[in-house]
Amino acid sequence: MSAPPVPTAPTQPLLPGDAVPPPVSTASNPLNHVVSGSKTEAAGLEDEKKAEKPRTHLEDYVQCSSSLLWKLMMSFYDRKGVSSWSTGIVPHFITCNAFIGRSYAKVLKGFLEDCRAAEEGGLPDSMGLDPTEPLYIIELGTGAGKFSFFMIKALNEMAETLAFPVSKIVYVMTDFTESNFNFWTTHPGLSPYVESGQLDFAIFDAVNDTKLSLHFAKKTISADNPTKNPICVVANYLFDTLCHDVFQVKDGVLKEGLISVGSSRPSEPDPLDPDIIKNFNNLYKYEDINPDYYAKKPLDAPDASHLRRILAWYLDYFTSSDPAGLGASILFPIGALRALRHLSGMSRSRAFVISGDKGNNNVEQFRGLMDPHIAIHGSFSLMVNYHAVGAYFTSRGGFALHNPQEEASLKVSCFVLPPGNKLSDDDDGPFLGEGLERLDGERSRQFPRLREAFQDYAQSFGPNDFFIMQKSLKEDCPSPPLKSVVALLKLSDWDPDVFYKFRDSILNQVCQANCKLRNDLCRGIPRVWSNYYQLDKEKDVAFEIGRFFYGIRDFAKALRYYTISADTIGPHHVTFHNMGLCFYSLSMPMDAAEHFEKSVGMNKEYGKARSWLDKVRKEMREREVEKEGGEKKPEEVKKE
């Protein structure tokens, strides 16, 4: 049998909404916006330089967490909606792939095994599980829902080995914008889990709301109506966008950083215009305070003793161990701590939290006096102080697990809050200095399965390592061997974005690959589609799977995926052209001609489809002539 005609992908500019775009740039990368602040000799030097430039004053000096910054943040996501992710304004691959979904599910699995073991051992104040009641997994700042899809899918696939019935797990996607909420309700990838009762949605402002109203279950979770089981929280690329406070320690004195938000444009008629973000011209000043700072802040009074203890730890540490007199600059994730207080209150102070973000858990990174660096990437973000989040849990009687890797775009940490173990409000002795780390170690040993899972799936080789590996293979190896690409696909759990990123390497080599390697691909490619979560219409994964199967001459499967492409992404002249080639290779000329006609009908300038249409029509006429037994006699013409 002769080689089949070569299917094509578009080579001309496409209109918005077209199914198959040119290759997508990899420039939207979280590595590009993780930048550390530059040190200044004097706290006000940078402000003086900014003040010399034209500036629209938007706000007087205020506490950072109550500044205009955070209203602009909410305005950005509220106005942009899902397009923030679907158009690549907000980078998201690093936290939205099959690998990280499975990794988080494995860590949660370890936690659940420890809870069951503690319960069976009859330990007091255990994190006992009630299998007859729901176990809620609350994802904060869900966004487009892609991570949610991967994690709940992974949990279902490990149902037989979970220490809790998967049918009683309820994954709750939350966000503060209705546009995201509306997107979830119509997404086909989520509907099976909604129908099974394993998935629910909620509009939830993580920083300010104290109750969670489930959309489908028509149930409200709150401190007055707590969950029977510990609450599980997932937060990726969220804490860096929640409100922060700013502190410095210099010469044994704790200082608060106040901010005046401004713009470099000559005027700002709309103070909530998200475009202000890319034109920030902010000023800072610092004033002396004491560690009991939050006791007079009504929003944070319930946690005042814990927040005082954490600030006292920083004051003690950077006063007693600062021989060079560098001082320290501390971002304080007060918004994240408020959210975690509210959520743990909904489960009688029993919580499991796993979070990935750009940030630090090594306090040595805080040395030096500098204004906070605000990274701009459509919206904006700050580096998350995971050390402070961990210290908060430890002060409340829990513990933290951190990945100590410092060169990382995504730092993953895990926090557990069991009942009991709470330190006395007025006794900081066991907490200060090395006591904080010692308490974490002692308490975490009660959860050996969680520690092991965190070591395996977040620390030894975690989501950041996977991100770097696939990025390096793509950028540092122009023509990666097919074996390497297949190994990466297997590591990624056949992630659709990884497949799409390496599609050309696969298609260019699969025809020459040995039978065993081709069989490995054929076994895995269907999982690529089962992992597909439609978000970015410029990535037509079904179309590329169709091209793969066409390349190995499995025309029936190629047709199946081309049809899926037309149904999900939309009709496209190249898709119809390639479907015509499949029908032609299957000796179905009438169907082939029909699809070449559709292609030409959509784009009359598309010469490939027109040439094939002429060829197929000619062959059909010739076959018709042969079928009738010879050349047809010309019709006689009547003489006038």
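Residues numbered from 1 in each chain as written. Predicted model: local features only at pLDDT ≥ 70, side-chain atom pairs only at ≥ 80, totals over all residues. Heavy atoms only, no water.

1. Overview of the overall build of the protein chain
- Scanning the protein chain for helices and strands turns up 22 helices and 20 strands.
- Counting across all 640 residues of the protein chain, residues that qualify as buried make up 56%.
- Here the analysis covers contacts within the protein chain between residues at least 6 apart in sequence; of these, 77% occur between residues at least 24 apart.
- Surface summary for the protein chain: the accessible area is close to 27,800 Å², and the carbon and sulfur share equals 51%. (Helix = DSSP H or I, 4+ residues; strand = E, 2+ residues; numbered from the N terminus. Buried < 20%, exposed > 50% of the residue type's maximum accessible area, 1.4 Å probe, protein only. Contact = heavy atoms within 4.5 Å. Areas by Shrake-Rupley, 256 points an atom, 1.4 Å probe, with all protein chains shown as cover.)

2. A few points about the nonpolar core
- Ranked by size, the top nonpolar core spans 109 residues in total, and within it Phe111, Phe352, Leu450 and Leu521 carry the most contacts.
- Element by element, the count of residues in this core is highest for helix 4 (residues 98–120), at 10 residues.
- Leu450 has contacts with Val107, Gly110, Phe111, Asp114, Phe352, Phe399, Leu401, Cys414 and Val416, leaving out every residue within four places of it along the chain.
- Residues Leu140, Tyr286, Phe318 and Phe431 belong to the second largest nonpolar core, which totals 80 residues. (Core = buried A, V, L, I, M, F, W, Y, C linked by side-chain atoms within 4.5 Å.)

3. Comments concerning the sheet that holds strand 20 (residues 411–417)
- On the basis of which strands lie adjacent, the open sheet formed by 7 strands has the order 5-4-3-8-14-20-19 and mixed pairing. Among the strands making up the open sheet, the edge pair consists of strand 5 (199–203) and strand 19 (399–402). Strand-to-strand twist in this sheet, taken as the mean axis angle between neighbours without regard to direction, amounts to 20°.
- Pairing of strand 4 (residues 169–175) with strand 5, which is carried by 5 bridges, proceeds in the parallel orientation. (Pairing = 2+ DSSP bridges. Axes fitted to C-alpha atoms, helices over the stretch in contact; angles between N-to-C directions.)

4. Points about the pattern of salt bridges
- Within this structure, the stated rule accounts for 26 salt bridges.
- Among the ionic pairs, Glu157 bridges to Arg527, the shortest N-O distance being 2.8 Å. With Glu157 in helix 5 (residues 146–157) and Arg527 in helix 17 (residues 515–530), this residue pair connects regions lying 370 residues apart in the sequence.
- What makes Arg527 partly exposed here is its relative accessible area of 22%. (Salt bridge = Lys/Arg side-chain N within 4 Å of Asp/Glu carboxyl O.)

5. Quick notes on the packing of helix 13 (residues 463–476) against helix 14 (residues 482–491)
- Packing of helix 13 against helix 14 brings their axes to within 11 Å, and their N-to-C directions diverge by 155°. With respect to each other, helix 13 and helix 14 are oriented roughly antiparallel. For the element pair helix 13 and helix 14, the recorded crossing hand is left-handed. When helix 13 is examined against helix 14, the residues Phe466, Met469, Gln470 and Leu473 are found in contact with a partner set consisting of Ser484, Leu488 and Leu491.
- Of the residues that constitute the contact of helix 13 with helix 14, the class distribution is 5 nonpolar, 2 polar and no charged. (Parallel < 35°, antiparallel > 145°, perpendicular 65-115°, else oblique. Left-handed = near helix turned anticlockwise from the far one by under 90°. Nonpolar A, V, L, I, M, F, W, Y, C, P; charged D, E, K, R; others polar.)

6. What about the environment of Tyr104?
- Take Tyr104: it is sitting in helix 4.
- Distance in space between the C-alpha atoms of Tyr104 and Pro463 is 9.3 Å, their sequence separation being 359 residues.
- Aside from chain neighbours lying at most four places away, what touches Tyr104 is Phe147, Met151, Val234, Asn236, Ile354, Ser355, Gly356, Val412 and Pro463.
- A polar contact of 2.7 Å, which involves the side chain of Tyr104, links it to the side chain of Asn236. (Polar contact = N/O pair within 3.5 Å; in protein donor to acceptor, adjacent residues only side chain to side chain.)

7. Description of the packing of aromatic side chains
- Counted by the stated rule, this structure contains 37 aromatic pairs.
- A connected cluster of aromatic rings, assembled from ring pairs, spans Phe93, Phe99, Phe461, Phe466 and Phe467.
- Sitting over the face of the ring of Phe431, Arg309 holds its NZ or CZ atom 5.9 Å from the ring centroid.
- Over the ring of Phe502 we find Lys474; its NZ or CZ atom is 5.6 Å from the centre of that ring. (Phe/Tyr/Trp six-rings, centres within 6.5 Å; stacked < 30°, edge-to-face > 60°. Lys NZ or Arg CZ within 6 Å of the ring centre and 35° of its normal.)

8. Some thoughts on unusual backbone geometry
- Despite not being glycine, Ser349 shows a phi value in the positive range, around 60°.
- Positionally, Ser349 belongs in the loop between helix 9 (334–345) and strand 14 (351–357).
- Classification of Ser349 as partly exposed rests on a relative accessible area of 29%.
- Although it is not a glycine, Trp494 adopts a positive phi angle of roughly 55°.

9. Considering the packing of helix 18 (residues 541–551) against helix 20 (residues 573–585)
- For the pair helix 18 and helix 20, the least separation of the axes is 11 Å and the interaxial angle reads 25°. Here helix 18 is positioned roughly parallel relative to helix 20, judged by the angle of their axes. For the pair helix 18 and helix 20, the sense of crossing is left-handed. Contacts from Phe543, Arg547 and Tyr550 in helix 18 reach Val574, Thr575, Asn578, Leu581, Cys582 and Ser585 in helix 20.
- Of the residues belonging to the contact of helix 18 with helix 20, the class tally is 5 nonpolar, 3 polar and 1 charged.

10. Observations regarding the pairing of strand 13 (residues 328–332)
- Taken across its 5 residues, strand 13 has 5 buried, putting it largely inside the fold.
- The alternating pattern of strand 13 places Ala328, Ile330 and Phe332 and Ser329 and Leu331 on opposite faces, both of which are buried.
- Across 5 bridges, strand 9 (residues 245–250) lies against strand 13 in antiparallel orientation. Paired with Phe247 across the bridge in strand 13 is Ile330.

11. Some thoughts on the state of the cysteines
- Tallying each qualifying case throughout the model produces 0 disulfides.
- There is no disulfide at Cys414, and the cysteine sulfur nearest it, in Cys232, is 9.6 Å away.
- Residue Cys414 is classed as buried on the basis of its relative accessible area of 0%. (Disulfide = S-S within 2.5 Å.)

12. Considerations on the confidence of the model for the protein chain
- Per-residue pLDDT for the protein chain has a mean of 88; in total, 87% of the residues score no lower than 70.
- Low pLDDT, under 50, characterises residues 10–43; the stretch is placed with 61 contacts to residues that sit more than four places away or in other chains.
- Segment residues 636–640 is flagged for pLDDT under 50; beyond a separation of four residues in sequence, or across chains, it makes 0 contacts in the model. (pLDDT = per-residue confidence, 0-100.)

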